[in-house]
Amino acid sequence: MRAPLVYLDHNAAAPLLPAVRAALSEALDAGLGNPSSVHWAGQRARAAVERAREQVAAAIGARPEEIVFTSGATEANALAWHGVAADAAVLTSRVEHPSVMALARRRRESGCVVRWAGADTHGAPVAPQSLDAQGPVAFLSVIAANNELGVLTDLAAWRALAAAWGARLHIDATQALGRVQVDVRAWGAATAAFSAAKVGGPAGTGALYVRTGVPLEPLIIGHQEGGRRGGSENVLGMVGFGAACAHAADRLAAAASVRQLRDRLWAGLRAAVPGCDRNGAAPPVVETGQTLNVSFADVDGSRLQRALDVEGVCVATGAACASGTVEPSHVLLALPGVGADVARRARSAIRLSLGLETTPAEVERAVEVIALVVKRMRAQG
Amino acid sequence: MASTPNAVSRVRAAMRLPTGARVAVAMSGGVDSSTVAALLHEADYEVIGLTARLYDVDAAEAEGARKAGTCCAPQDARDARHVAGQLGIRHYAIDERATFAATVVAPFLAAWQAGATPNPCVECNRHLKFDRLVREAHALGAAALATGHYARLEPDHDGHIALRRADDAAKDQSYFLWTLPADAAAFLRFPLGAWTKPEVRQHAERLGVPVAAKADSMDVCFVGASTAAQWVAKHGGAPAGAIVALDGTRLGRHDNLAAFTIGQRRGLPIPTDGPAAAARYVVAKHADGTVVVGPLDALRVGRIDLAGCRWLGPVPAPGAKLSVQVRHRGRPVDVVLDGVDARVATAQVTVLGDLQAVAAGQSAVLFCGDRVVGGGIVKDSQRAHACAPAEAPSPMLARSPWRAGHG
């Protein structure tokens, strides 16, 4: 009998919360109809959707009518880019999530100006000076908490820049929700993207916050979501996302203990594995406290990921590699100060991300297995 | 149809490992390696599927590759993942595009440009399966790497791991495997070596392998639906040059050296009367682009020089009577080993039987009975001086030697 999985990839998908499972189960049993229908079944569905909207809004400091449900954060990012600032010149950073990097590339290919902000040594995107000689742009898109490093962006600087330029600020807050206090109003965001799967909700559901008064052109035409996102509502996804947001405070309350476990994981690895370096987000920088990005000298990160998986330890490499093509992480490559070492570091990196459900036993097992596997791989050369 | 317990015991016998052992399987997405994974899973091994991503294809090439049913294209990687998902085993796609480009594709192009006839499947086995996938399997803590090759790999009475022809002569792929290093020989397993193709298809269906009905792979995978000549022309081209007779008489010109194969008769751009009438076969190709044509008799080979030799056990002594095979599905022909220099990995053989159309760059594999003794790359060959009339070349000669099957 194999040992249970040690799951250290919470930044990719957090386990479904028991409270979410209960809410989904209740919704399944309730015989909900289409929220657009006038009959009772439709009305019950409408009530469930609007309750979920309130729960999501409450978790991020927004009003319910400012929430547009989407199929996930990727769609929410795309909706903001297209819906708020189609064809506009944009400023974004070199450490964005791949969904935003792809939008920026597409924008550049269509002939628009795309400017790039670099990262500091921790991996946080640095807002350029407002008197930047290159001049202002109308749309700023920045990540709030980095998915690979956990480092938090100084959003006040980005807010100030947007104000100085009269630009709209979009914040990809996918990895911030449930990790840090989210307050879209204090952030000065025109729009902000969120995902249910990162906070123990069902995958395939997300939301775009759209500040009241910001006009939004839909990607999908239809009367649903106030005409901002057409198509019959994903009622179960919304109910699950709402339930997960209702427990976002619990997640925040547990953040300190998650951070302790993460620090114990790093201390354990440093003691047990020679030649390991932490990438970005090093203390005392502000970060989410659940992510650890480590490079192991002379070890291929993607091979290490596979070898750990075979031993029952789930981790991520820097970037997606679903099709078997592995490019070193653009986030790690954007880190300054690593010099010529940067490509080697990026190739030998894995990302460990913890969460609410992570146990001390999992952390101990992870250290043990990583030490064993790294030693084996180094012995084989 | 063989019963399930019989299949299980056959598989376990081939694996020589206790049940529960961790075993990696090189999965190409085809029926053979998929069935190996299913059989090993059924036989209670901890199976991990590995698929090497070898090259990128554009849409047109992908379509051609799909029609040609070649291995290791992106669709095949998806098929492998699908099979693994249905079996409930772990599966990883590994990015080996750089390795494949450097060790298989670039030498393939260079060989055609230099007038040689390469066998990329041999190089893919050497560099990808015997090296990269073996390393990966070791890193994953596997006790063995199994593949879907039709060949037998078994301990001999002397303790050496012997590589032998498959029981299914029609599917035998031992020709492609002669570069097998000793450490890889001890680590690899070919569970299908004692199976026939119809048996494999039966068990694929019995085990619900999703690709049970998929066509066998043929041709060189990355060339897709085009010919080698077309592929070479598109990827840098091969020299143009003169077509000359054996005595140097100029008969014509061509614009792509890669369009010619030793033994080729059809499609030569030379007059069919006059001095060319008797010289209808390509008998030699040179790096400067020159194609030499001559009579059938000039294709007969009496002696072969081999370079890059590998020996799968003790190096045989000069004078050893062996047989040589110079192409997949080629008939083995008796030879005598004249000389061996293990230090520089060369060998020379004298051909006793009738052997035609041996091109530089081809693999020449030496057998003792059904056992692979070793092999090398043909560096040069000399004409046979026997006066006996040569037989007409087999239909295979009209095709490139690499064209049928892969390994």
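All figures in this text were calculated on a predicted structure; none of them were measured in a lab.

## Considering the interface of chain B and chain A
Tallying the contact residues gives 15 residues for chain B and 12 residues for chain A. Mapped onto the side of chain B that touches chain A, the elements with two or more residues apiece are strand 2 (46-53), strand 3 (90-95) and helix 6 (120-139) of chain B. Looking at the side of chain B that touches chain A element by element, the count peaks at 5 residues for strand 3 of chain B. The residue inventory of the side of chain B that touches chain A, partitioned by class, reads 7 nonpolar, 3 polar and 5 charged.

## Focus on the domain arrangement of chain B
Residues and elements named next belong to chain B. What the domain assignment reports for chain B is domain 1 (4-223), domain 2 (239-297) and domain 3 (300-398). Placing a centre on the C-alpha atoms of domain 1 and another on those of domain 2 gives a separation of 38 Å. Contacts between the two partners involve 5 residues from domain 1 and, on the opposite side, 8 residues from domain 2.

## As for the pairing of strand 8 (residues 206-210) of chain A
Residues and elements named next belong to chain A. Counting buried residues in strand 8 gives 5 out of 5 residues, a clear majority hidden from the surface. Every second residue of strand 8 is oriented toward a common face, with Gly206, Leu208 and Val210 on one face and Ala207 and Tyr209 on the other, all of them buried. Direction of pairing for strand 7 (residues 191-195) relative to strand 8: antiparallel, over a ladder of 5 bridges. Note that in strand 8 the partner of threonine 191 across the bridge is valine 210.

## A look at the sheet that holds strand 1 (residues 22-26) of chain B
Residues and elements named next belong to chain B. Here 5 strands make up an open sheet; going across it, the order is 3-2-1-4-7 and the pairing parallel. Of all the strands in the sheet, the pair left with one neighbour each is strand 3 and strand 7 (188-189). Taken together, the 6 bridges between strand 2 and strand 3 define a ladder with parallel strand orientation. What sits directly across from arginine 53, in strand 3, is aspartate 95. Contacting strand 1, strand 2, strand 3 and strand 4 (144-146), helix 6 crosses the sheet at an angle of about 130 degrees to strand 2.

Reading the values: the criteria
- Residues numbered from 1 in each chain as written.
- Chains lettered and ligands numbered in written order.
- Predicted model: local features only at pLDDT ≥ 70, side-chain atom pairs only at ≥ 80, totals over all residues.
- Contact = placed C-beta atoms within 7 Å.
- Helix = DSSP H or I, 4+ residues; strand = E, 2+ residues; numbered from the N terminus.
- Nonpolar A, V, L, I, M, F, W, Y, C, P; charged D, E, K, R; others polar.
- Domains from an automatic or database assignment.
- Buried ≥ 20, exposed ≤ 12 C-beta atoms within 10 Å, placed from the backbone.
- Pairing = 2+ DSSP bridges.
- Axes fitted to C-alpha atoms, helices over the stretch in contact; angles between N-to-C directions.

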